[in-house]
Amino acid sequence: MTIHARKTVANFTPLPYTDMFFDDIKTLYDLDAPETHSIRVEQIYSDYRKGDKARLDSLAYLPLQDLKVVDLDTAKEFTPAKEGQVTVVKLEVPIVDERQSAHIKITGALKDAAYTVRSGDLVFDRTLHGLRNTVLLPAGWEVAGVSQSGTIGTYQGRAFVSLINLNAENNYRVVIHARKP
């Protein structure tokens, strides 16, 4: 092999890239009856950002009511506070180096008009964020179609769709159709 090289003035700017496979966010969407448009949400993740506060970034796309935030390391409940447009929680032990993290669970409920019944089908139409998402259907409904690749199964007699986002983006639109047998 022969390599010929010369100096250049070209400037190669790296593309912004976030490796999502270090992302441990797991979100469960527990669907209530579709005519209520109500969804219970549980999200578990680790925050590695240095400081004495953890930012609850997911609240930007999950407008949760009855918000509850728990420190999974101590089982103590956090008290969320607003700092400008961002919601944060004060960490009992600040993160000072890359070997530390805070393990957080966020729960609450949201109303989503795109979760409804159309022509007899349950329709869940939502942009999901993060690497792992699971949608748990209400009792009595069976999956009829999913717009993304996923695993379909049952949990305690209820159908679910488990999704892993393998796209380069951190969000993707999912449409799930379900029917009563």
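Residues numbered from 1 in each chain as written. Predicted model: local features only at pLDDT ≥ 70, side-chain atom pairs only at ≥ 80, totals over all residues. Heavy atoms only, no water.

Novice: Honestly, the side chain of Gln43 in this entry has me stumped. Any pointers?
Specialist: Of note, Gln43 is situated in strand 2 (residues 38–47). Looking at Gln43, its side chain comes within polar contact range of the side chain of Thr27, at 2.9 Å. When neighbours within four sequence positions are excluded, Gln43 is seen to be in contact with Ile25, Lys26, Thr27, Ser58, Tyr61, Leu62, Ile104, Lys105 and Ile106. (Helix = DSSP H or I, 4+ residues; strand = E, 2+ residues; numbered from the N terminus. Polar contact = N/O pair within 3.5 Å; in protein donor to acceptor, adjacent residues only side chain to side chain. Contact = heavy atoms within 4.5 Å.)

Novice: Sorry if this is basic, but what is going on with the packing of aromatic side chains here?
Specialist: Think of a pair of aromatic rings as described by two things: how far the centres are apart, and how the planes are tilted against each other in angle. In the structure shown here, the tally under the stated rule is two aromatic pairs. Consider the rings of Tyr115 and Phe124, whose centres lie 6.4 Å apart with planes at 65 degrees: the pair is edge-to-face. No difference in accessibility class separates Tyr115 from Phe124, as the two residues are buried. Three or more aromatic residues joined by ring pairs make a cluster, and in this case those are Tyr29, Tyr115 and Phe124. (Phe/Tyr/Trp six-rings, centres within 6.5 Å; stacked < 30°, edge-to-face > 60°. Buried < 20%, exposed > 50% of the residue type's maximum accessible area, 1.4 Å probe, protein only.)

Novice: Sorry if this is basic, but what is going on with the nonpolar core here?
Specialist: Across soluble globular proteins, you tend to see nonpolar side chains buried next to one another. Counting residues in each nonpolar core, the largest one holds 34 residues, and the members touching the most others are Tyr29, Leu31, Ile39, Ile104, Ile106, Phe124 and Leu137. Looking at this core, the elements that each hand over two or more residues are strand 1 (26–31), strand 2, strand 7 (86–95), strand 8 (102–111), strand 10 (121–129), strand 14 (158–164) and strand 15 (171–179). (Core = buried A, V, L, I, M, F, W, Y, C linked by side-chain atoms within 4.5 Å.)

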